[in-house]
Each structure stands twice: as C-alpha cells, then as structure tokens.
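# A structural walkthrough
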Amino acid sequence: MSAFSAIGEEREIDQDEFTPGLEPQPTWCPGCGDFGVLKALKGAMPQVGRTPDETLLVTGIGCSGKLSSYFESYGFHSIHGRALPVARAAKLANPELEVIAAGGDGDGYGIGGNHFMHTARENHDMVYIVFNNEVFGLTKGQSSPTSPKGHESKIQPGGNAKAPVRPLSLALASGASYIARTAAVNPNQAKEILTEAIEHDGFAHVDFLTQCPTWNKDAKSYVPYVDVQDSDDYDFDVTDRREAADMMHETESALYEGTVLTGRYYVDEDRPSYTQEKRDTGALPEEPAAERYFDEDADWERSADLMHRHR
Amino acid sequence: MSDELIWRIAGGSGDGADSTSKNFARALMRSGLHVFTHQHYPSRIRGGHMYVEVRAAPEPVKSRGDGYNFLVALGDSFARNPQEGAYYGDEEIKPLAENLDELREGGVIIYDTGLFDEEDVEEVGLHERAEENDWHVYGIDLRGTAREHGREVMRNTAGVGATAALLGADLDPFEEIMREGMRGDVLEANLQVLTDAYESAADLEFTHDLSFPEGGHDEQQVMVSGSHAVAYGALDSGCRFISGYPMTPWTDVFTIMSQNLPDVGGISEQVEDEIAAASLAVGASHAGVKAMSGSSGGGFALMSEPLGMAEMTETPLVLVEAQRAGPSTGMPTKTEQADLEHVLYTSQGDSNRVVLAPGNVREAYEQSRISFDVAYDYQIPTILLYDQKLGAENRTVPESFFDREPSPDLGSTLTEEELAEAAHDASGKFHRFQYDPENGVSPRSIPGQKGGRYLASGNEHTQSGHITEDPDLRVAQVDRRLRKLESIREDLNGRDLQTYYGEEDAEYGIVSWGSQQDTVEEAVDRLLAAGHSVQAVGVSQIMPFPREEMAGFIEGVEEAMVVEMNATGQFRGHIQRELGRYGDKLTSLLKYNGNPFEPAEIVEGFEAQHDGDASAAPETTRTEPAAGD
Ligand SMILES: Cc1ncc(C[n+]2csc(CCOP(=O)(O)OP(=O)(O)O)c2C)c(N)n1
Ligand code: SF4
Ligand SMILES: [Mg+2]
C-alpha cells in the first residue's frame, strides 16, 4: 500500500480546492498578468485530474514566485532561479507526484538559465511556466533577459543595449518536448495549453506573457493576440522541428514589433521522459524511492555486504 | 615503530602506481600487517610526478610516518615522449631524484635500469648520497621485464616483485590479489612479470637489513579509505539520492555512491553545477528520499544559497565538503583545512547548521551516519567536513566494524495516520512550522501524503508556511530554529565525538580538529616517551561546539597548542569565538604547504614552543605565539 494515498486518488475535483482558504489576498498589483496564470492553472487542474495533495508547485523568486502562496497544493517557494533543480529532484524522488515549476523571465531565462537548458535537455516530466513580463517586476523595473532592446530603467538610463533572448528557440534547442506561448489576456487558450502541458509526458515549457502595468506601463497588455493555430496566416507542423524553429523565430521577433503570436509551437510525443530514460539504464527504481522509507518491512542493504571488496 | 616498512612507489602520474600501491597494501594486509596509505599527487591526469606511501606494521598504523625506508623509483614514462622533452626536461628521473631527501638512513632503493643508465644516476649523485646515508641501492631492469612479458606499464608489477624479493616476502598474497582483479592475458603477463622480477632481484647480493615485518591479525581486516567510509556511512543511513558536480577531492565520494546506488534502489545525478547539485538534494529530501550532495571549496561556495534555503525551509540535508588547498582553484590535489570558516559562516543571515569533522577512517563512517541522524531528526543541514588527506588515505579496519544495522528512518516525519491527528489551518494546510515544539523541531509531511499540504518557503513564514513579516512571528521562528542547535548540542555531547589521547591531567594540551587527529596521537606517544606531560584532544564536533567540554580541557592545562593545516589558525579562532576567552592559553602550529603533518613536525613544533623558541620549529610549519601576549 502506498504511503502517499493522495496520489492517484480518483474523485471529482473542484477548481475551488486550489484556492487557499485563509491566505490573504494576492499582493500582485491590480491588472497584473500574474492573476491570469493563477486562474488558468486552477482551471487546468480539474481537467488533468490531479488534487492539491498530490501536486507539488515549486516557484522561484519574483512577483511570479508568489504563485505558490496563492495556489493551494504542496508548495515550495525556493530561491531566485532555482525552482527547476528543486522540482526535478522531487520528481525523481517520487515520479508519481504532479510536479509544476514556475517563475519569472529573469528567474528562468537569466539567473536560472543554466538550469532551464539542462532541465529541457534531460526532458524531465514536468511543466515549467515562465511568467514573461519582459521586466524584473519585484525589484522595480530593471531590464530582464526578455526586455526589448532600448528598454529604459534606472539601471539602463540610456536604454538597454542588449537584444532579448529567444525563449522558445532556446527551449527547442535545449531539448524540451512541448513548447508553447500563451498570454494572460487569453484565459481560454491559457487553460487549454496548461492542461496539455501538464498532461504531456516530458518537459513542457510554457512562456506565459503576463503584462506588468506597474513597470511596463507603455508596454502592451498583449492585445490583440493571434493564436497561430487558429489563424490562416500561419501554417506549420508542430511536430516538425525545422518548421517549429522558423515559427518560433518569427514569433519572438514579432513580439517586439507589436504582434503578439501565441499557441503551440512544438510537440514531440515520442521523446521518452527522463524518468523513462533513467529507468531504462537501471539508474532509477521502478517503485518511487520515497515509498520505501514508509515500508516497515523493507529490507535495507548494508555496507557490510560490500566488505568482501576490501579484504 | 622500528619494525615497520614505509614503502614509497614513485612514478609519473597516470602510470598506474596508484592502483599498484593499493594492491600492494592489500597484500600486506593479507600477510597479517596493518597498513596506512598516503598519496601525493600533482594536479594533472598524466605527467608530473606522484608517489604513494604504504606504511605497514604489526600494530595498527595511524598516520604517515616521518620519511620512509623503501623506494621504488619507476621513472616517468610520460616524460619519455620526445615531443614533451621541451616541457619536461629531466622529468624522467625525478621520481628517483626528488624522493631522496625523505629517505631514512639505512633505506633501500630500487631504480629501473631499463630507464636510467649509470650516467643518469650519477648526475643526481645517487651513489655518493647512498654512501653518506647508508642507503642500499639496487638497479633492476623493471621496464625490460615488463616489456618481455607484457606491456610497459607492468613496470609497477615488476617493482612489486622486486620489493617482495628484497624483503624476503612470500609472493602468494600478491599473486592472489592479482588473480582476483585481473583476467586472461593481462593476468598471465602480470604474473610472469611479478615472478620474473622477483627472481632477478632474489639473485642479487643483499646488503640491507630491512626485512618484511611479521604480523598476524586476530580477526578479518579490510582496507578502507576515508571516502569509502563516508559513502558507506551514507548508504547505511538509508541515503538513496546524491547529486553533484565533479571536483577533486570530493569526486571520490560522489563516484563511490554513484557506483553503488543503482544496486540499492538509489539515484545519482551529475548535474550542471553545484548550485543545482545542492538544490536537487534539497528537492529530493523534501520529497521524502534521504539525500546528500557535496563538493570541495569552490563548489561549496556555489552551494551557499541553497544551503540557506535548506536552513530556512528546514529541509534535512547532508553535504560533504572535502577540503583542498585554496583559495580559488588553489592546489587541487593538495590537502588543507582552510575551509572551516567558509563552511561555518557562509550564509544569508545567521547560519543554522551542524558541522562535523571526522578524525580518521572509522570516524568518517560513524560521523557520516551521525550526520544523517542529526539532519533528519532535527531538519537541519549537516556538513561533514573532511579533506584530501582523509579522503584518500586507506587504512586497515576490522571487518566487524561495519557489521551494523542500517538506519533508514526519516526522522521527524509524520505518516498519514499521524497527519490526520496533527494541527491544520481551517483551510486544510498542515502546521508544518509550529512556533513552540519542545526541542525546536516541528515534524514534517511529505508531498503526496493526504492531509500534509503546506508551503515550504525561503521567505520567513507562518506555521503553515505562508510568507510573513510580522515581527513577533519572525522572532518566534528564528528562536525556534536556533533552539534546534541547542538540542543538537546536548544530543552530540552524549556521543563522545572528541577523542582524547595521552596523559590525563597533563600539563600541556594539543588540540586538533578533523584529519590531523591520529598524526597528533603518534606525536603524543613520542612526546610522552621524551618525558613531556601532554594530552591531545581531536575535536569532531565543530558546530554546535562542545563548549563546556572544551573549556574544561583548556582549564585543565597550562597551555594548549592548536594544530591545523591552514595559515590563519581558523580553528584556534573558532575556539576563542565559541568560548569567549582563553586567548592567552592557546598557541598555533600551522602547516599549509599542501602536505599533511608528519608526526615529527608536531613533536618539533611542540618542543619549539615549549622551549619558547618558535624559530626552532620545522621549516614547513609556522608557530604562532599566544594571542594574549
Ligand atoms: C540571488 C538573488 N539575486 C537577486 C535577487 C533579487 N531579485 C528578486 S526577484 C528578482 C528579479 C525578478 O524578475 P523576474 O524573475 O522576471 O520575476 P518577476 O518579478 O518579473 O515576476 C531579483 C533580481 C534575489 N532574490 N536573489
Ligand atoms: S510589479 Fe508588475 S509583475 Fe509585479 S505584481 Fe505588479 S504588475 Fe505584477
Ligand atoms: Mg519578470
């Protein structure tokens, strides 16, 4: 019998279960796009059929990192940039948990960029939601890795001289097997994409456009937006790496020219998840490693039995 | 110990002298001796000269010796590559030339005539020096013998065969070890080389009196390194997750764990950097698997932010820190004890962690287990601080020492049944961080358990984990987390982590921490024999510090000399900081040239301070007068 009876429980799930009863109101500014992520995630959970007690939401630091405070589940509000390494180890320790990681564009594409590349490369079975508001929100408006060239702030008074990173392309090149972009202003698409991303068996990267009315005043609220799947202007195959790469490139450039493109960009259902790959090499137990500690009859190996090598 | 052999095999690094010396040491152990090995390495994979010393005697051996008495000089094969000549010059003969200074009077030398001719040997003044020091020199064609039956690298085996002949040792245990570790043609060739070299050496006319020490064990012995001991302690504690990034010398523990974990249902992850490594260990432990990570100085520096996260989220975690000479890249393969302050205090805010420093191979195993016990019982990061010296040294230990039950318990963690009874918010969040549990420890739940939901946060938080900046709650949580350290201090006080050696109620004290302990003990034997009244204490409980116990020790002596491998007397400073006094009673004996103390250096250092003439201390060390004068 599992020591984790919340896992795999079959029952009706209400999206209200994901709203904490006692938590003070979110501290996000009025009109902040982060509310859109929270709402879309709450909406997706009943769709994928996972309960608060079997879900671990790991967040980084930033306005975005507060998501774990306003979403009812097991949560881990980690440190700036390190949500992914915490999340992926939790997944290895207990692959049956639903693990969701989230953070800001500075958190994920800047300070935690190395982890982003490697988590995608390893194709861990989890969703990574990046709140992309093209700015450092919590630290008051400095340029972030996705800020447009020329973005001005107190630290970039003459305008940011750097071209922005290309998050979707980065995810593709690194090995992510599901890549999408959605926007807070498009709640239906956001909920659908998050549902698919959670259900996807592998690393699912969702670049989530979240307007920051406080520090990106003149910037867009990401309207109007175009869903590349619904538009006749775009025609590409999400399972074709080259076509996906071209579409991503166009989407990333278009954002800075005022056209907000969203949708699914790449889906690879064939690439095995890291859990699978690691099990195939005999380096990950079939039974979640976390179970054994609660099994009173478990037979634990002893170093005494290795001593013949040292005689 | 007169009845001892200290055998040094010197050659090019990458020439295989390392595994040869290990096999040699095991063969001596099987012959009934106790052994201790000491490695000296340059920081390159091939080229540059290295040596390994095997010290063997009928009684247990605690330390490297002073100098040594048997040299097998292989020559450096890497330096023979003609293209390398420009870089390496006379590197080829260095394994012979550079090892002579420490060879004791009456010592034996085997050199490889297949590599050096008379002229080479004359150039380093071998014969003249041999005469002066009563060395017994045997030129044997090790390379030729190796080539005749197999490959050039088997020169090592030839060196072992010749050694056995010159010492009058039985070849059986040497052959036995080879048969266990090699197969097919390689085995046959090595056996041939071994016996051939044995026979050619046996034909020589012997002039030395050094012979093979006679010994016998009462019980089965095993040869175990400090790194193995750390890893086995972790495995027996139920650790089934390790994450890391390679860095000398921590890589040894990482490797041993990674080789064993898949067989015992465990998980090893080599990741992109040490920030990730420590963060993964936190993630795995949070999700209910006993986890560790580790590194050496520079890598540990990268871990400091996740370490603070573990402190704040009260995630149990064991980190091992294998010190090497720093700062920055320092001397990667050389030993030092200079990361003490780094490990104790690198922290956002007040640090809240446990630090243990084992004194030898046995303590490495025991304290690795204690680290896990403490980490999981008290939900706190525990750092096992050791160094290149302890990690790499091999020692004989009775096999029965390891015959213990595993302790996979998750410590202060609740089951679902217990969670059902536990306190929750009205909204269903579990009170994971209660404000006033007795010993400061508030039991945790594991994700996936029904009814255990909470938020683990690096921000200051309420009892269910929500972020708070309320001043009263802040103080309550800080006080509670610090209270855990007091509970741990008491717990550890009961575990006898300090090792005393020498005369009780002695006039003088010698204090060491971590890996110097047993070398100090050997020095104490000599000081006592020379009529000094001294007692040594080897301290392992670094944090929380055994305040009363150490105050008692220092009160009891007139003066205490703190022996450590760093340039600034970090442990002496730590004692003063923890005890708030005794500055004028403490002196330092410091060594930081990359090599561990030899017992004689401690004896001389002590006598120099004792006689009030610090300038009489050995050149490789520095003595520091009492801070109060
Ligand atoms: C190691 C570290 N460096 C810097 C900070 C300060 N810091 C907090 S959030 C943040 C940037 C936030 O930007 P982003 O990740 O885009 O999140 P947002 O607030 O926009 O959601 C910074 C620099 C920190 N907490 N930790
Ligand atoms: S600063 Fe920007 S990102 Fe942060 S809460 Fe306010 S609107 Fe949202
Ligand atoms: Mg941002």
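Everything below is about the structure printed above this text.
Residues numbered from 1 in each chain as written. Chains lettered and ligands numbered in written order. Predicted model: local features only at pLDDT ≥ 70, side-chain atom pairs only at ≥ 80, totals over all residues. Heavy atoms only, no water.

Here we take up empty space enclosed by the protein. Residue and element names in this part refer to chain B. Across all of its chains, the model carries 4 cavities of 30 Å³ or more by this definition. A volume near 80 Å³ is recorded for the largest cavity. Considering the residues around the largest cavity, the lining is formed by Phe-36, Thr-37, His-38, Gln-39, Arg-64, Gln-388, Lys-389, Ala-392, Glu-393 and Pro-596. Going through the elements one at a time, strand S2 (34-40) and helix H17 (388-392) are the ones with two or more residues in the lining of the largest cavity. Considering each element in turn, the lining of the largest cavity owes the most residues, 4 residues, to S2. Its residues assigned to classes, the lining of the largest cavity comprises 3 nonpolar, 4 polar and 3 charged. Of the residues that make up the lining of the largest cavity, three or more belong to each of domain 1 (5-202) and domain 2 (223-402). Reported here for the second largest cavity is a volume of approximately 60 Å³. Along its surface, the second largest cavity is lined by Tyr-508, Gly-509, Glu-559, Ala-560, Met-561, Thr-587, Phe-606, Gln-609 and His-610. Along the lines of polarity and charge, the residues of the lining of the second largest cavity split into 4 nonpolar, 4 polar and 1 charged. (1 Å grid on protein atoms, 1.4 Å probe; cavity = no way out; pocket = protein on both sides within 12 Å on 5 of 7 lines; lining within 4 Å. Points joined across faces, edges and corners; volume = space filled by probe spheres on them. Helix = DSSP H or I, 4+ residues; strand = E, 2+ residues; numbered from the N terminus. Nonpolar A, V, L, I, M, F, W, Y, C, P; charged D, E, K, R; others polar. Domains from an automatic or database assignment.)

Our next topic: the interface of chain B and chain A. The interface of chain B with chain A comprises 79 residues on the first partner and 62 residues on the second. Here chain B packs against chain A, burying approximately 5,600 Å² in sum over the two surfaces, 57% of which is carbon and sulfur. Across the chain B-chain A interface, the total number found is 10 salt bridges. Where Arg-453 of chain B meets Glu-72 of chain A, a salt bridge forms, and the shortest distance between an N and an O atom there is 2.6 Å. Looking at the side of chain B that touches chain A, the elements that each hand over two or more residues are helix H1 (17-30), strand S7 (221-225), helix H10 (226-236), strand S9 (267-270), helix H12 (274-286), helix H14 (304-313) and strand S15 (455-457) of chain B. It is H12 of chain B that contributes the most residues to the side of chain B that touches chain A, 8 residues altogether. Broken down by class, the residue content of the side of chain B that touches chain A amounts to 34 nonpolar, 26 polar and 19 charged. Examined bridge by bridge, strand S2 (residues 74-77) of chain A and S15 of chain B share 3 bridges and lie parallel to one another. (Contact = heavy atoms within 4.5 Å. Buried area = accessible area lost by both parts, 1.4 Å probe. Salt bridge = Lys/Arg side-chain N within 4 Å of Asp/Glu carboxyl O. Pairing = 2+ DSSP bridges.)

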